[in-house]
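Reading the structure
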Amino acid sequence: NMVVKLFGQIKAGNPQRVLLCFLEKGIEFEVIHVDLNTFEQKKPEYLLRQPFGQVPAIEDGDLKLFESRAISRYYATKYADQGTDLLGKTLEQRAIVEQWMEVEANYFNVVVLPLVINIVFTPKFDVALVEELKVKLDKVLDVYENQLAMNRYLAGAEFSLADLTHMPGMRYIMNEAGLGSMITSRENVNRWWNEMSARPAWKKLMEMAAY
Amino acid sequence: MMGTILQSRLLPIKLSHSSLLFSPSQHSRSNLKFTSKSSPSTITMASIKVHGVPMSTATMRVLAALYEKELEFELIPVDMRAGAHKQEPFLSLNPFGQIPALQDGDLTLFESRAITEYIADEYSEKGEKLMCPGCNKVKALTKVWLNVEGQQFDPIASKIAFERVFKGMFGMTTDPAAVQDLEGKLVRVLDIYEARLSKSEFLACDCFTLADLHHLPVIHYLMGTDSKALFESRPKVCEWVKKITARPAWAKVVDLQKQ
């Protein structure tokens, strides 16, 4: 069976990053559900796939990878000529895409992840911490607002992995975290989210996730 | 004491349309009945329904009380990853959007410690007593230690559990400085427990009550981390932890996490 296997679950943010990449590129895949209720991710067999006990992990023939951003980069590169172009046509364009992917990991996710954890999953969350994180997110989104005023997408005129990598986190912001107003109050960020979330691959992912 | 980064575990959230029906006499997993909510032929109409997930400390608190009382109940999973607890219909059960919520016939309750007190009062004749028998003075002692758990122990201990256990589940890293600071506060509480347990077999009196039970979920998580040393290094506390965590009703709650 030569179809790439993704170990994880469809509702979780990091697996969604990889699934979205597969869908944009038209790559066939199989989702192997990791049963968190029986602590399958703690078992020795799974820890061999992902030593930190996180999802996703992939297996593609002999190749095994974890870290959703690394997996996405690999497939976007390997299938450069198939489906949506996610990395740009030149090395310089790719560098700009990579730049904004780094921004997602180092500025956006570092704030959004604890925000989502606290607001959505922690019953009596630290109010002061949440307020502090919201202030930080405001500053990040101001930068995005500026960038997106000058560019249709983060890395330029075309949708790329730099935009895609934000989508799972953005979905949480717009939904369970109840922070949609931070997006809708920014004309360009709002436009960006609306355009990205109208993409067929995203809609397919949302259908699979069945929220 | 410096915290170590706990090996990450994932929060076991799984969308499930089936509700899990539990009966007090069942001892093995193979006896558990799974009924589909949409099926017209539901096997047993348990009057008590708990909306929550087995991983949640507050849900576990309620489940512990139900098992101690040998009450039949239905556990209805709440899909937290999908934000179900922050939306209708769950908000009609708890407008604060927190699990668990409990329904007993027409009665809807939330706040786990209010739920356990209801269970102890309403079903006082069944199973474990859970409240000190006797006069008002003895009952008041139970209330003292119920409040101690809620106001003194839990605010600190649950933050340690969040740092050491739950953060790792979401790919966040433990903050060692925060853990050290919190443990410094917890030891002061545990020293008081040590003194109390030198005079009393359980916290409120010489019988197991809700005051002890309320501690179980967070202690359960902390005993799986380096923070267990705080409990194990205090002989009376250590003995008390062993006693309360060895209770068969508690074992059933822990078992739910494995299914």
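Definitions and limits used
- For every chain, the first residue of the written sequence is number 1, and numbering continues from 1 along that sequence.
- Chain letters and ligand numbers both follow the written order, the letters beginning at A and the numbers at 1.
- In keeping with the predicted nature of the model, local features appear solely for residues at pLDDT of at least 70, side-chain atom pairs appear and are counted solely at 80 or more, and the whole-chain, interface and lining totals rest on all residues.
- Side-chain measures here rest on the full set of heavy atoms in the structure, leaving out hydrogens and waters.
- UniProt positions are given in the numbering used here, feature names are shortened, and annotations may be inferred rather than shown by experiment.
- Note on pairing: two strands pair once DSSP finds at least 2 bridges between them.
- A run of H or I in DSSP counts as a helix once it spans at least four residues, and a run of E counts as a strand once it spans at least two, with each numbered from the N terminus.
- Working definition: with a 1.4 Å probe on protein chains only, accessible area under 20% of the residue-type maximum means buried, over 50% means exposed, and in between means partly exposed.
- Only a pair of cysteine sulfur atoms within 2.5 Å qualifies as a disulfide here.

Within an unreviewed UniProt entry, the label attached to chain B reads glutathione transferase, and the organism entered is Brassica napus. You can read under Sequence similarities (unreviewed entry) in the UniProt record for chain B the words "Belongs to the GST superfamily. Phi family." Recorded in UniProt for chain B, the comment headed Subcellular location (unreviewed entry) runs: "Cytoplasm, Cytosol".

The name that an unreviewed UniProt entry assigns to chain A is glutathione transferase, with the source organism given as Brassica napus. In its Subcellular location (unreviewed entry) section, UniProt records this for chain A: "Cytoplasm, Cytosol". As its UniProt record puts it under Catalytic activity (unreviewed entry), chain A is described as follows: "RX + glutathione = an S-substituted glutathione + a halide anion + H(+)".

1. Considering the pairing of strand β5 (residues 101-104) of chain B
Note that strand β3 (residues 48-52) of chain B and β5 of chain B share 4 bridges and pair antiparallel. Following the sheet pairing, His51 of chain B is matched in β5 of chain B by Ala101 of chain B.

2. What to know about the pairing of strand β4 (residues 73-77) of chain B
Residues and elements named next belong to chain B. Along β4, 4 of the 5 residues are buried, which leaves the element largely enclosed by surrounding structure. Across 4 bridges, the pairing between β3 and β4 is parallel. Bridge pairing in β4 links Lys49 to Glu74.

3. Observations concerning the state of the cysteines
All names here are of chain B. With the rule as written, the count across this model stands at 1 disulfide over all chains. A sulfur-sulfur distance of 2.4 Å marks the disulfide that ties Cys132 to Cys205. On the sign convention where negative is left-handed, the bridge of Cys132 and Cys205, at about -110° about the S-S bond, is left-handed. Linking Cys132 in the loop between α3 (112-122) and α4 (136-169) with Cys205 in the loop between α5 (176-199) and α6 (210-213), this pair joins segments that are 73 residues apart in sequence.

4. With respect to unusual backbone geometry
Note that the residue after Val55 of chain A, namely Pro56 of chain A, is joined by a cis bond; omega there is 5°. Within the element layout of this structure, Pro56 of chain A appears in the loop between α2 (44-47) and β3 (57-60). Across the junction of Ile99 of chain B and Pro100 of chain B, the peptide omega takes the value 0°, indicating a cis bond. Its place among the elements puts Pro100 of chain B in the loop between α2 (90-93) and β5. Although it is not a glycine, Glu111 of chain B adopts a positive phi angle of roughly 70°. Note on Glu111 of chain B: relative accessible area 34%, which makes it partly exposed.

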